[in-house]
Structure formats: C-alpha cells, structure tokens
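Observations on the three-dimensional arrangement
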Amino acid sequence: MPQSGDAINHYLDREVIIMGIKYLEKQRVFKLDAGQTSYVIGVVDDEGFLGHVYFGKRIPDQYLPVESFLRLNEWPQVPSRNNRERLSFNDAFPTEYSTFGQGDFREACLAVKDAHGHSVCGIKYQSHRIYAGKPRLKGLPATFGSEEETTTLEITCKDEILNLEVVLVYTVFEKFNAITRSVRIRNQSQAPIRLTKALSACVDLNGNDYDIISLHGSWARERHVQRMPVGLGKRVLSSVRGESSHQCNPFMALAARETTEDSGEVYGFCFVYSGNFVGIAEGCQFSTTRVVMGINPEGFEWLLMPEEEFIAPEVIMVYSDQGIGKMTRTFHDLMRGHLIRGQYKDRKRPILINNWEATYFDFNTQKLLDIAREASKLGIEMLVMDDGWFGRRNSDNCSLGDWVVNEDKIQGGLNYLVNEVNKLGMQFGIWFEPEMISPDSDLYRAHPDWCLRVPDRTPCLSRDQYVLDLTRPEVVETVYAMLSNILKSANITYVKWDMNRPLTDVGSAYLPPDRQGEVSHRYMLAVYEMMERLTSDFPHILLENCSGGGGRFDAGMLYYSPQIWCSDDTDAIERLEIQRGTAMVYPLSTMGAHVSDCPNHAVHRTTPFETRGYVALAGTFGYELDVTRIPEEDRALIPSQVALYHRFNDLIRQGDYYRIGSYAENHVYDCWAVVSKDQTEALVTYIQVLHRPSFKNQRVRLKGLNPEYYYKDAETGEVFSGSVLMYGGMTMTGIQGDFKGKLIHLVRVEPEEL
Ligand code: DGJ
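On a predicted model such as this, the values are computed, not experimentally measured, just so you know.

Axis separation between helix H11 (residues 572-582) and helix H12 (residues 609-617) bottoms out at 9 Å; the angle between their running directions is 20°. It follows that H11 is roughly parallel to H12 by the angle criterion. For H11 against H12, the interelement crossing comes out left-handed. Contacts from Ala572, Arg575, Leu576 and Gln579 in H11 reach Thr611, Arg612 and Val615 in H12. Its residues assigned to classes, the contact of H11 with H12 comprises three nonpolar, two polar and two charged.

Right under this line is the structure:
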C-alpha cells in the first residue's frame, strides 16, 4: 500500500489503481469510485484538454464512451483535427475546470490579471499523482480521512503562457458517495499574477432539466428550503457579507425534476468555507448544466508573487440516486466522521442553560447563581454566561474588545462564580465576540485603526460595532491573549463564539493597496487560525459557533466547533422549518437548539413546553430561559425532558435522519425520524402545527425501518411490523390542538417476544 503522498508514475503503461481511483492509461481517463458513485475525467487531444466525462451512479471501468460523453464525435471535434473551430470546441467542451477568455463563455472558475493587464488564461493537463490518504489544506478547514478510508488524485495543469500551475485535488471516500475537491494555484513565472477569480469546483452535468435546491432566509429565519428549476441561464447563490450568511447557505443541490425525498438523482455541493461564496448553476446551450462553487469573486483579488501559491477551499460533492434524503444522510455521516473534530466529536454534550433570553444584559453573580441553583436541581449540567460580563457592557452599545471581567456585575470575580457553579455539580461556559470592536471601548480608543475601514470613509456601524481587522497580526495576538487569559483564569469548559454583524468597509490599513482585494479571505483565514489555536490550546473546551443566531452555520465552522447556534428564533414552530433546512446538510448533533420561555421572544407565540422540548431534542438540547421565573408546571417538566435527552441523545446524534412530513408542504404537521444504524430502534417526532378536523387520525408512513423487523411502541406496548409502518403508516392519535406533539419510540422485538 503506498503511503500518503507517494507519487504513482503516470507514464506506466498499465492501469494505475489505488483503492478508489484508477488511471486508465489507454483511454487517458481518471475514474474515481466513491462508495456507489463514479466520477470520470478524461484527458483529450495532444494539448491535454481536461474534460468532465461522468458523475453519477457507479459504472464499470470497461467500455466507457469517453469520446461521445465529452462531445467529441461531432463537429467541431478537437482543435488538433479542426483548429479553425477551436473556439467552438472551447464553447461546448465539458471542461473540468473552466478558465476565462478563450471561448468557454460559460461561468469561469479561474480568471487572472497578468503583468500586462490581460485576463485571458487556459490550462492544460501536465501530470498527475494518485495516493492513499487525504492531504490537509493549509490554513483551511477540510474533511479528513485515513489512508484506508480515502484516496487522492492531484491533476496538475498549466497555463504555459502565464506559467501558472493549477493543481486540481480530488479525494474519494471509500465508504461514502462523496468526493471532495479543492484547487492549488501557483505562480511559476517571474512576474506577479493577480487572481481575480479562483473557484473550487466545476462540474458540467449532462442535461438541462434540473431543479436547484438551496437554503435561504434572514436573521431569525435561517435556511428555509427553496426548490426551483434551473432552466436556461444562471441561478446564483451567494454571500458578500463576509460570512456564509443567514440569507443564503453555501450549499446547493441539483436534483432531477422527478426527484423526491426518497427517490431519484440528486447532486449536493457543500462549500467548506465560512466567508463570501458563490454557487452557480447554469443551464447551457448544448443541453448541459454547469455547476461552479467557490469564493465569491466580487471584491476578491489575490496577488500571487513568483512561487506563491493560493489554495481554493474545499467543496464536498455528494451523489444520491435515492432522493434528497439519502444525500442528507451521506452529508451527515461524512461530517460526523470526517469533518468534526475534538473530544465532543462522538460524545454527548452537556445540557446547558444559557442566560441570554433569561436576563439579556441585566445580570450579576447572584442572578446567575440563582439560575444555576435551580437548574442543577432539575438535572441541567452547565451554565453559560452570555453577552454582558465584560468591560462596561450593560447594553449592546459598548465594550466589545475589552475582554476583562466587569466585577461590578460579576462580584467576587469570574473564578468565584465558576467555582460556585462547579460546587453545584455544573460546568461553566462563557460567551465571546472576538472579531468585533465597539467604538466605545478602550481597545478602540487605543487603536482606532484596528477595525476594517477604508481611508476617508466612516465605516458603517451595525449594532454599534465595527469589525476588527484580523489581517493585522497584532490584532489577532492581542484579542487571543485576552481570550486565553479569561479561559485560563477559571474552570471554563465551553465557549460560545459569536459574530453579530457582517463585514463592510472591507479595507485594511495593514495591507498595501495591491492586496486590498485579499482582505475578506485573509480575514477568514485569521478567524480559522484563531479557532485552531483555541481548540488546540484548550482541547477540553466545547466550542459553539454563533453568528447573530445562525449566520455562519457552515461546514467550515464545523471543523472547529461540533455545534453551531442555529437561530435566534427559539420558537418551536419557527424552528421546524429552520431545523429541517439546516438538517438537509448538517447533522442533528451540530444544531444548537434550546427550550425557551413563552410567549416566545422572537414571535410572541405560546407553545406547549413539551413541544418546545421535542423540537430542541432534535438538536444539541439545552435551555434558554430564567428557570427561577417560568411557570411551576413548566419547571416540573424539565427533569423528564432531561431524562428524554439522556435516553435518546445517542440515537439522535448517531442515527440516520429521515424527513417524513413538513408543515411547509402539508400545512398540518412536521414529522421526522432518527433510526439507529442497525435499524433496531427509531425515534419518531410528530408535531401537529395546525389541528384540522379533516386530519383526524392522521396516518403517517414512516421511513428507514427494516420491513422485515417487528417494532414495539415503547410507550403503548403495541407491536407493528416494519413494513406496515412504512407502507401503511402509523396513525397519530391523541393529539388535540395546535402546536401539540409527541415522540414515538420504536424498539425492535424478536419474533419469540411477539
Ligand atoms: C446573538 C446570539 O445569537 C444570541 O444568542 C446572543 O448570544 C446575542 N448575540 C448576544 O449578544
């Protein structure tokens, strides 16, 4: 078995096969097999055009119709045979990585400005390497896998005129229908080259008849599912907010028109990045659909000096021929096993109570200890002190950047508070917003040039705060030192890393004029560096990301934090759609979800306490309320909710997730199930949003069970066959009224127990 990084000579006159990747020498074809998926790339013509042959259900190696799949058996043919129509070739060829300026008029992945001011570029195949394992992406989050689990192909291409090397990196996961892509671009010339666009992935899918599925919203309404035809022309998903954003998630799926939750083909693309991004699906003239994804070129430029390299972040591509549900489960398995790291990767998280909705800024040691005392009696395991403990912060108009404990509020100091909480048998967590600076802060008064800004322009305030210029190393050092001092000063085992505004005025007094286009990406690299440092210096700390709710819920962040606060909307009914959309890509174990008080602070709706618990159980689970002041009957339910969490969290965290019904579609109920990998256990959650007489005794067809097995409803003792539950359905009885719900725990029973 070759070691990771061992080059395999590509000129050997035979097939080169390393686990999931083959180079078929005669056909000049790379065949990548990931689980039940194949992805095929061909090299054509003497010049070495790299073309996309196939992506889909696994196919044999023999008799690949490479020529026709690359559209070469028809006019205009390859340039060596028909150079007078080179442009037409470029215009139609399903390229593996599109470049700007020579006749591929579809969306380009790579565009440059060379030393002479020209933008034209074009890359050709040079060589390749295949090796076991998966390389890390320097400074960037990415999936990982051992040499037994993954195989990597690097195809080196070059623009000979520019002397620009472009290495396309593909990794296949042996057990998943998943392939990752990233790109390394190196300037091998003597002159500077400016990248004006450097996307990460390009796939020319066959056909024009796709739907695009994407996740959109706003603050407190994140990741609602949208599905629409791509048609001809471009559908563009993007963020230029400097964060992946509430408005549009860095994910897209292309589904065949007839694809449903449980059947049909779908291609999912997820960008492992947390800043500006673009994802484009382009219905093209010759019955193909081009999909590209990468860093948003708007406002982006990257100056590559001789021998410098740029790395375009990773895109995860997932294929499913069993509907959207299977795509979801592949993303979940991949992220749980090969993206999320740290001690909580496979572990149950402590049930926390966060004081944000309980107190907002109005708290002190006494108040926090009152909450902790009550919470500890009910079985809650951690107190998280949210915004307002530092500087002079009694509202959101000051002190960001002054990460020093406000002892007027935290009387006795942080260590005292943490010790008292620990004495109650609870852990302690703390909130930070490390990337920000308030104009009214000691930090700003000392360093007004430390925020992102453009000379002569007043930067745009949001929530009375500016964004720190993290491209400046001393800013990172200073903020990190403050953070780590606090973390070392007491027994803190959780950090909530918040980010409450997008980036504007993206300019840095630190970088020269010709590098101002790099600020947004350098900012992201600095955030990643800080998070990497935090998680390695404090490996015992559970890091939860947050961005004004779920404005940075993306795969990039999951590399550093195993959970992300899903939304500032904690209303159980609003959360149904938010969590359904989030879980389309991201595992349930990552979705920060809490039970909060009613009327709900975001939408003023009152829902039963039980229902709030059922919905929060589908995420990380915790509380976000003043437990000393909620109605006694609600408080009395907390121990049983805590018990449900302990009983079901292993299943919810590790199981297979099935969407069964959505209120957004049926206007009555939401229903989902989590089924254990061995199909011996399932937890079904049913939430009736609207009680409708016509839906009396609603029968719901379950999913994911084994049709051969028999299951007992753990509560009623009733026994069902798996096939009846899936093909006939389960009748949802005893749910009277709006916003009511129930959990159904099904456990396999052996025939002899029947
Ligand atoms: C936004 C977060 O989503 C909330 O949970 C809370 O931490 C506030 N920020 C604090 O300012």
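Turning our eyes to something else, we now look at the pattern of salt bridges. If you walk through the whole model with that rule in mind, you get 59 salt bridges. Between Asp104 and Arg106 there is a salt bridge; the shortest N-O distance is 2.9 Å. Neither Asp104 nor Arg106 differs from the other in exposure class; each is buried. For Arg184, the salt bridge identified is with Glu309, shortest N-O distance 3.6 Å. Remark: Glu309 occurs in strand S20 (residues 309-320) and Arg184 occurs in strand S10 (residues 178-187); sequence separation between them is 125 residues. Within the structure, one salt-bridge network assembled from shared partners comprises Arg129, Glu154, Arg184, Arg186, Glu307 and Glu309.

Together, Tyr710, Val719 and Leu754 make up an exposed nonpolar region whose accessible area comes to about 270 Å². Mapped onto the elements, Val719 comes out in strand S37 (residues 719-721).

On to the nonpolar core. With 200 residues, the main nonpolar core has Leu195, Trp389, Ile430 and Tyr623 as its most contacted residues. Among the elements that line this core, the one with the most residues is helix H9 (residues 519-537), at nine residues. Excluding residues that lie within four positions of it along the chain, Ile430 makes contacts with Val384, Met385, Trp389, Leu414, Ile486, Leu487, Ile492, Tyr494, Val495 and Lys496. Ranked by size, the runner-up nonpolar core spans 23 residues in total, among them Tyr658, Val700, Tyr709 and Met726.

With respect to the element layout, Lys703 can be found in the loop between strand S35 (699-700) and strand S36 (710-713). Note on Lys703: relative accessible area 15%, which makes it buried. Looking at Lys703, its side chain comes within polar contact range of the main-chain oxygen of Arg659, at 2.7 Å. If near-sequence neighbours (up to four positions away) are discounted, Lys703 is found in contact with Glu261, Asp262, Tyr658, Arg659, Ile660, Val675 and Met726.

With that out of the way, let us pick up the site of the ligand. Near the ligand lie 13 residues; those nearest to it are Asp386, Asp387, Lys496, Asp498 and Asp568. Asp498 places a polar side-chain atom, nitrogen or oxygen, 2.7 Å from a nitrogen atom of the ligand. Alone, the ligand offers 290 Å² of accessible surface; in the complex the protein occludes 98% of this. For the shell around the ligand, the per-class residue count stands at four nonpolar, three polar and six charged.

Cut-offs applied
Residues numbered from 1 in each chain as written. Predicted model: local features only at pLDDT ≥ 70, side-chain atom pairs only at ≥ 80, totals over all residues. Heavy atoms only, no water. Axes fitted to C-alpha atoms, helices over the stretch in contact; angles between N-to-C directions. Helix = DSSP H or I, 4+ residues; strand = E, 2+ residues; numbered from the N terminus. Parallel < 35°, antiparallel > 145°, perpendicular 65-115°, else oblique. Left-handed = near helix turned anticlockwise from the far one by under 90°. Contact = heavy atoms within 4.5 Å. Nonpolar A, V, L, I, M, F, W, Y, C, P; charged D, E, K, R; others polar. Salt bridge = Lys/Arg side-chain N within 4 Å of Asp/Glu carboxyl O. Buried < 20%, exposed > 50% of the residue type's maximum accessible area, 1.4 Å probe, protein only. Patch = residues over 30% accessible without salt bridge, like charges linked within 9 Å, V, L, I, M, F, W, Y side chains within 5 Å. Areas by Shrake-Rupley, 256 points an atom, 1.4 Å probe, with all protein chains shown as cover. Core = buried A, V, L, I, M, F, W, Y, C linked by side-chain atoms within 4.5 Å. Polar contact = N/O pair within 3.5 Å; in protein donor to acceptor, adjacent residues only side chain to side chain. Near = heavy atom within 4 Å.

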